[in-house]
Amino acid sequence: MTSDTEEERIFRENYVNELKSKRQDAIRDELEEERRKVNQQAMKTPGRRGEQIKNEEIDREIVRRYNMSKNKQ
């Protein structure tokens, strides 16, 4: 894993805040919709760092939510 530049770190922080506001429930899974959009964009423009960062942060957000729900039980 490469270390982020200052610009990438700011981009990552902003994207994490955006992901936290997305809903994830039985009716509408906004995180999955976001992942589909990111993957479609990654197919159009492969190798872009932005899509790599977004995929990493979506994975982290899903794990964070899973751990939160597990701790509540």
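Above: the structure in question.
The model shown is predicted, which means the values in this text are computed figures rather than measured ones.

### Overview of the overall build of the protein chain
Thinking step 1. Each helix and strand counted, the protein chain has three helices and zero strands in total.
Thinking step 2. Overall, the protein chain shows an N-to-C arrangement of helices and strands of α-α-α.
Thinking step 3. Taking the principal axes of the C-alpha coordinates as reference, the protein chain spans close to 40 × 25 × 20 Å.
Thinking step 4. The buried share among the 73 residues of the protein chain stands at 23%.
Thinking step 5. Put simply, 57% of the contacts in the protein chain that link residues at least 6 apart link residues at least 24 apart.
Thinking step 6. Of the roughly 5,600 Å² that the protein chain leaves accessible, carbon and sulfur atoms contribute 50%.
Thinking step 7. Seen as two clouds, the 18 positive and the 17 negative side-chain charges of the protein chain have centres 3 Å apart.

### As for the pattern of salt bridges
Thinking step 1. If you walk through the whole model with that rule in mind, you get 14 salt bridges.
Thinking step 2. For Arg12, the salt bridge identified is with Glu56, shortest N-O distance 3.0 Å. Of this pair, Arg12 sits in helix 1 (residues 6-20) while Glu56 sits in helix 3 (residues 49-72), placing them 44 residues apart in sequence.
Thinking step 3. Taking the relative accessible area as the measure of exposure, Arg12 reaches 10% and is therefore buried.
Thinking step 4. Between Glu61 and Arg65 there is a salt bridge, with the nearest N and O atoms lying 2.8 Å from each other. On the criterion of helical spacing, the pair formed by Glu61 and Arg65 is a turn pair, its members being four residues apart in helix 3. Each of the two residues, Glu61 as well as Arg65, counts as buried.

### Some words on the nonpolar core
Thinking step 1. Listed in full, the five residues of the largest apolar core are Tyr15, Leu19, Leu31, Val38 and Ile58.
Thinking step 2. Among the elements of the structure, helix 1 and helix 2 (30-44) are those that each provide at least two residues to this core.
Thinking step 3. The residues contacting Tyr15, other than those within four sequence positions of it, are Glu34, Val38, Lys54, Glu57 and Ile58.

Procedures and definitions
- Residues numbered from 1 in each chain as written.
- Predicted model: local features only at pLDDT ≥ 70, side-chain atom pairs only at ≥ 80, totals over all residues.
- Heavy atoms only, no water.
- Helix = DSSP H or I, 4+ residues; strand = E, 2+ residues; numbered from the N terminus.
- Buried < 20%, exposed > 50% of the residue type's maximum accessible area, 1.4 Å probe, protein only.
- Contact = heavy atoms within 4.5 Å.
- Areas by Shrake-Rupley, 256 points an atom, 1.4 Å probe, with all protein chains shown as cover.
- Lys, Arg positive; Asp, Glu negative; His and termini not counted.
- Charge placed at Lys NZ, Arg CZ, Asp CG, Glu CD.
- Salt bridge = Lys/Arg side-chain N within 4 Å of Asp/Glu carboxyl O.
- Core = buried A, V, L, I, M, F, W, Y, C linked by side-chain atoms within 4.5 Å.

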